[in-house]
Amino acid sequence: MTQNQLFTPIRIGGLELVGRFVKSATTETLCTDDGFVTDDLIEYYEKIAQGGTPLLITGNAYFNLYSKGAPRQLAADNDDKILGLRRLTDAVHRHGSKIFMQIYHVGRQASPRLVGRTDAVSPSPVFEPTLGVRPRAITREEIEEAVQGLADAAARGQQAGFDGIQIHAAHGYLINAFLTPHTNRRKDEYGGSFENRLRFLLEVYGAIRQRVGQDYPVIMKINGSDELRLRKGLKPDDMVKVAQRMEAQGVDAVEISAGHYESGLTFERGHWRKFFSTVTTIGVGRNLPSYHRIPVRLLSPLLDWGLRRIASYSEGFNLRYSKLFKQALSIPVICVGGFVHREAMERAIVSRECDMVSVARALIADPFLYRHMQEGVQGPQCDFCNACYARAAAWPTDCYNDEVRAQRDRMLRTELG
Ligand SMILES: Cc1cc2nc3c(=O)[nH]c(=O)nc-3n(C[C@H](O)[C@H](O)[C@H](O)COP(=O)(O)O)c2cc1C
């Protein structure tokens, strides 16, 4: 193996990508209130495509009101969305990049009031402590609706010109919540044994395949571990078993992340100094009841310290998991988490800890990161301050670190003329 692996082609199913670098999903809060694509969203994606990123994955798209997690989120809930989605895929394709749509059901990890409903659904009514949500158990009728809804959303994505679909089965959202014994305590055929907990994902995948055909790339984002200490979370071995089953079904690649919200947001990592005060004043937490919001704000320094202790940042922080998937699977394994330097990405691929890397925050700081790495140019660099994540789902996704944002704006003015 040689260096420069990052810039060598790879296939996901039948789709050839020019390099092994992916924009990981970031919910952008740039759509209309009812989920239509806007010019601002297109501009956001177009910049990343202009930067040469071989594959872009959209933020999580919902398909009905119960699956929706936030205002101004991308929707694939109706055929009337296809035209706008087509404008998005055309814009990305014009720059030679590929684009997948991520589809999901938020489950219990959303404040229902924020999206205009009164309750949330999950496999079982297990309290979600970060948002203070007690969901109700999803009914079998709703399960069937969700399976069909996700398949319809995937078919709309295909019609709109997406090069593939990513099923979001990570981060504690509904599909993940079905897999995890802590959140799935059902007594019917969707709960209990490994097979039963896997059933919902298998049904979703099967219904999607039926709609999009055998040759269309369908990939999955999955936790390497639920990182649910002292609760019945899934461990790396369990997750590898899930991925092996999905590979046997025909899934074309897996992206490895980790954690539920109640794990302590371990899928992000970095520093959290202003995170909790920001979330509870101007972020999604501003709508929490005061008995929840005020203690979080007061305990902010303690929470920052605690989160850094249970899940400290290191570049490629999910590699410890992705390498286990790499050993067990033949399909491409994508690792997300903390990447910012070319050397670290190269090392991860060359040492066979993953086949590809994906990046969220470092691309918010520098949408031209891929091209900059190719050219050996140092662009604006993410310092994982989580100012973007603190505003996620409430503000348009952007870099909110004043210094890095100023560098980014200067860079865009210079490079775009
Ligand atoms: C603003 C923001 C929005 C995000 N939205 C999504 C999302 O819609 N779907 C998803 O799977 N992950 C989402 N994530 C998580 C990222 O995809 C990624 O897993 C995480 O940020 C770790 O990668 P990074 O260290 O490169 O940022 C989001 C992250 C951020 C910062």
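Look a little higher up for the structure.
Residues numbered from 1 in each chain as written. Predicted model: local features only at pLDDT ≥ 70, side-chain atom pairs only at ≥ 80, totals over all residues. Heavy atoms only, no water.

(A) Expanded view of empty space enclosed by the protein. This structure, assessed with the given rule, holds two cavities of 30 Å³ or more. Each pocket or cavity is described by its volume, and for the largest cavity that value is around 100 Å³. Forming the walls of the largest cavity are 15 residues, and the residues nearest its centre are Cys382, Cys385, Cys388, Cys399 and Asn401. Elements with a contribution of two residues or more to the lining of the largest cavity: helix 12 (361–365) and helix 14 (387–390). Top element by residues in the lining of the largest cavity is helix 12. It accounts for three residues. Tallied by class, residues from the lining of the largest cavity come to ten nonpolar, two polar and three charged. What the second largest cavity holds in volume is close to 50 Å³. Considering the residues around the second largest cavity, the lining is formed by Thr27, Glu28, Thr29, Leu30, Cys31, Leu41, Gly59, Asn60, Arg72, Gln73 and Leu74. Tallied by class, residues from the lining of the second largest cavity come to four nonpolar, five polar and two charged. (1 Å grid on protein atoms, 1.4 Å probe; cavity = no way out; pocket = protein on both sides within 12 Å on 5 of 7 lines; lining within 4 Å. Points joined across faces, edges and corners; volume = space filled by probe spheres on them. Helix = DSSP H or I, 4+ residues; strand = E, 2+ residues; numbered from the N terminus. Nonpolar A, V, L, I, M, F, W, Y, C, P; charged D, E, K, R; others polar.)

(B) Geometry of a nonpolar patch on the surface. On the surface, Ile294, Leu298, Leu299, Leu302 and Trp305 cluster together to form a nonpolar patch covering roughly 540 Å² of accessible area. Secondary-structure elements contributing two or more residues to the nonpolar patch are helix 8 (290–298) and helix 9 (300–310). Checked against the element boundaries, Trp305 lands in helix 9. Residue class for Trp305 comes out partly exposed when judged on its relative accessible area of 48%. (Patch = residues over 30% accessible without salt bridge, like charges linked within 9 Å, V, L, I, M, F, W, Y side chains within 5 Å. Areas by Shrake-Rupley, 256 points an atom, 1.4 Å probe, with all protein chains shown as cover. Salt bridge = Lys/Arg side-chain N within 4 Å of Asp/Glu carboxyl O. Buried < 20%, exposed > 50% of the residue type's maximum accessible area, 1.4 Å probe, protein only.)

(C) Up close: the nonpolar core. In terms of nonpolar packing, the biggest core is built from 95 residues, with Phe21, Phe200, Val254 and Phe325 touching the most fellow members. The element contributing the most residues to this core is helix 5 (residues 194–212), with nine residues. Setting aside residues up to four positions removed in sequence, Phe21 forms contacts with Leu6, Thr53, Pro54, Leu55, Met345, Val357, Val359, Leu363, Leu369, Tyr370 and Met373. Core analysis: the second largest hydrophobic core is formed by 21 residues, Phe267, Phe276, Ala390 and Ala392 among them. (Core = buried A, V, L, I, M, F, W, Y, C linked by side-chain atoms within 4.5 Å. Contact = heavy atoms within 4.5 Å.)

(D) The arrangement of the packing of aromatic side chains in detail. Across all of its chains, the model carries 16 aromatic pairs by this definition. Plain terms: the ring middles of Trp395 and Tyr400 are 5.4 Å apart, the flat faces sit at 90° to each other, and that makes the pair edge-to-face. An aromatic cluster is present here, built from Tyr104, Tyr173, Tyr261, Phe267, Trp272, Phe275, Phe276 and Tyr389 joined pairwise through their rings. The aromatic ring of Tyr321 is capped on one face by Arg320, whose charged end is 5.6 Å from the ring centroid. (Phe/Tyr/Trp six-rings, centres within 6.5 Å; stacked < 30°, edge-to-face > 60°. Lys NZ or Arg CZ within 6 Å of the ring centre and 35° of its normal.)

(E) The sheet that holds strand 12 (residues 356–359), seen in detail. Strands sit in the order 3-4-5-8-9-10-11-12 around a closed barrel of eight strands; the barrel is parallel. Each adjacent strand pair in this sheet contributes to an overall mean axis angle of 25°, direction not counted. Strand direction decides the pairing type here: strand 3 (residues 21–23) and strand 4 (residues 55–57), joined by two bridges, are parallel. Residue pairing across strands places Val22 opposite Leu55, the latter belonging to strand 4. Across the sheet, helix 5 touches strand 5 (98–103), strand 8 (164–169) and strand 9 (218–223), and the angle it forms with strand 9 is around 160°. (Pairing = 2+ DSSP bridges. Axes fitted to C-alpha atoms, helices over the stretch in contact; angles between N-to-C directions.)

(F) The arrangement of the site of the ligand in detail. In the vicinity of the ligand, 23 residues are found, and the nearest of them are Ala25, Gln102, Glu268, Gly338 and Arg361. Between an oxygen atom of the ligand and a main-chain N or O atom of Ala25, the distance comes to 2.7 Å. Contact distances for the ligand include 2.7 Å between an oxygen atom and a side-chain N or O atom of Glu268. (Near = heavy atom within 4 Å. Polar contact = N/O pair within 3.5 Å; in protein donor to acceptor, adjacent residues only side chain to side chain.)

(G) The pattern of salt bridges, seen in detail. Tallied over the entire structure, the rule returns 29 salt bridges. One salt bridge connects Asp39 with Arg87, and the closest N-O pair in it is separated by 2.4 Å. Taken together, the residues Asp39 in helix 1 (residues 39–50) and Arg87 in helix 2 (residues 82–94) connect sequence positions 48 residues apart. Here Asp39 falls in the exposed class, since its relative accessible area comes to 53%.

(H) Spotlight on the pairing of strand 10 (residues 254–257). Residues Val254 and Ile256 line one face of strand 10 and the alternating positions Glu255 and Ser257 line the opposite face, and both faces are buried. Here strand 9 pairs with strand 10 via four bridges, running parallel. Looking at strand 10, one finds that Lys221 is bridged to Glu255. In this fold, strand 9 hands off to helix 6 (residues 236–249), which returns the chain to strand 10; that crossover is right-handed. Of the pairings in the sheet, the one linking strand 10 to strand 11 (residues 333–336) comprises three bridges and is parallel in character. Considered in strand 11, the bridge of Val254 is made with Val333. (Right-handed = clockwise from strand over helix to strand, strands pointing away.)

(I) Main features of unusual backbone geometry. Of note in this structure, Arg352 is not a glycine but carries a positive phi near 60°. Within the element layout of this structure, Arg352 appears in the loop between helix 11 (342–350) and strand 12. The phi dihedral of Ala393 is positive, around 75°, even though this residue is not glycine. Classification of Ala393 as buried rests on a relative accessible area of 16%.

(J) Local environment of the pairing of strand 11. Neither face of strand 11 is left uncovered, since the one carrying Val333 and Cys335 and the one carrying Ile334 and Val336 both have all their residues buried. In terms of strand pairing, strand 11 meets strand 12 through three bridges, oriented parallel. The residue bridging Cys335 from the neighbouring strand is Val357, located in strand 12. Considered for its hand, the β-α-β crossover made up of strand 11, helix 11 and strand 12 is right-handed.

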